Amino acid sequence: MENNDFQTENFQEKDNNTNRKKPNGSKVFVALIVAILLIAAIATAVVLVRDKDGKGGTGQTTSSSENAGASLNISDSKEYGSSNADGTLSTVQIAEKVKPSVIAVVLYRNNTVAGEGSGVVMGVDKSGKNTYIITCAHIVDTAGVSVKVQLEDEAEYDATVVGYDTRTDVAVIRVEATGFTAAEFGDSNALQVGEPVYAIGNPGGTAFYGSFTGGYVSAIDRPTSTSGSGYTMECIQHDAAINPGNSGGALVNSFGQVIGINSSKIASEEYEGMGFAIPISVVKEVVDDLIEKGYVEDRAKLGISYVAASSNQTYSYVLKVNDLPLGSIVVAEIDDDSNLAKTDLKAGDLIIAIDGEDLKKTDSLIKIIEKGKIGDEHSFTIARVRKDYSVEKFEVKAKLIEDKGNSSVTNNNDNSEGFSNPFAE
């Protein structure tokens, strides 16, 4: 993936390295009430002072007889929006139906909150003892932490990670308890552009538990690649407000059905309302494999991490002076289980072609890998850079191996500024 302003950002909450207690929604509420009362008191004092000076008010004082018969009439309150003939619900009904199914996922390190996100209750297993919850992989893919789920009443339960898939950003966790409210899931393939959708989750963490926002479907098949993965997936693009902490939460249709799991947004001051959700049609396939096997079966990967050569000043110069393809990539790391680990390829080398075809774009390689099968063999043209910035070219061959959760090719463009030059003086 090319490094540009349109990179998306995953919603894993930032680490909290200070020893603090979890954010408490009631404290935030009390603080807001106090602030409102102070403002009201100040406003009242100003009015009293103005009246005392004879400068207050903007109208004339009239007698009660002149105002006889004038009153503010308030009609009887009515319940907001009942179900429509087509089965769609009012926004109030949608919130009432779905909010109990969206919980908080909280990560702890040394008894300190290390991250927060959201999760959607899927249901109970056949034993009737365990509840399964869907969330995002980037929330639970963190070493050295314990995972808990928290309800709106602040009750917490220990959770076990059943499995996660970084390629699609889907994860499943399990709680040895019951009594949770399972969500109703709908058909994401039935969505249409312009259809209203609603996001439910915990933006900013548990202090804003169960926030409800609304918007519209902007696209149903927007190709999206998150900042931590080179894998491109077609996502639901929508403009319902989502923020860090919404990851793993629900995207809901007008029937109160969960049709997507919120995962990312475009993080840029120039853009607003650009959120992305993993379609439930994709989530189901991944979740079924994670529960049964712990990983997604029959998926191939090459087993390297890379940086787009064009994103690094030194390598951009190498491409120019040696007339190399603009889509060439720099190998940042080779997985131990990759077939390429058994070749002459080294970190810092450039991959400039696959099967004799130049890499015209930085995503050319990953698109070929995504369509490949385990065991497929490819030939790679490598350019090793000398200290004088000339290159030595050679060929290597490697077979695709099974991907059990890591991305097939990981794009490290976000870290390109810190990428060390292996052939520097």
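Summarised in this report is the structure supplied together with it. (Residues numbered from 1 in each chain as written. Predicted model: local features only at pLDDT ≥ 70, side-chain atom pairs only at ≥ 80, totals over all residues. Heavy atoms only, no water.)

Another point: the environment of Gly 128. Residue position: Gly 128 is located in the loop between strand S3 (112-124) and strand S4 (131-135). Look at Gly 128 and you get partly exposed, because its relative accessible area is 39%. Separated by 49 residues in the primary sequence, Gly 128 and Ala 177 place their C-alpha atoms 8.8 Å from one another. (Helix = DSSP H or I, 4+ residues; strand = E, 2+ residues; numbered from the N terminus. Buried < 20%, exposed > 50% of the residue type's maximum accessible area, 1.4 Å probe, protein only.)

If you look at the biggest cluster of nonpolar residues, it comprises 49 residues, and the most contacted ones within it are Ile 103, Val 258, Ile 261 and Val 283. The element that contributes the greatest number of residues to this core is strand S2 (residues 102-109), accounting for 7 residues. Beyond its immediate chain neighbours, meaning those up to four positions away, Val 283 contacts Ile 134, Val 170, Ile 261 and Ile 278. Core analysis: the second largest hydrophobic core is formed by 20 residues, Leu 359, Ile 369, Ala 398 and Leu 400 among them. (Core = buried A, V, L, I, M, F, W, Y, C linked by side-chain atoms within 4.5 Å. Contact = heavy atoms within 4.5 Å.)

Attention shifts here to unusual backbone geometry. Although it is not a glycine, Asp 298 sits at a positive phi angle of roughly 60°. Here Asp 298 shows up in the loop between helix H4 (280-293) and strand S14 (300-301). On the basis of relative accessible area, Asp 298 is assigned to the exposed category, the value being 63%. Notably, Asp 355 is not glycine yet its phi reads approximately 55°, a positive angle.

Turning our eyes to something else, we now look at the sheet that holds strand S5 (residues 146-150). As summarised here, the arrangement of the 6 strands in space is S2-S3-S4-S7-S6-S5, forming a closed barrel in which the pairing is antiparallel. With direction set aside, neighbouring strand axes in the sheet form an average angle of 40°. Pairing of strand S6 (residues 156-165) with strand S7 (residues 170-175), which is carried by 6 bridges, proceeds in the antiparallel orientation. Pairing of Val 161 across the sheet is with Ile 173, part of S7. Set on the sheet, H4 makes contact with S3, S4, S6 and S7; between it and S7 the angle comes to about 50°. (Pairing = 2+ DSSP bridges. Axes fitted to C-alpha atoms, helices over the stretch in contact; angles between N-to-C directions.)

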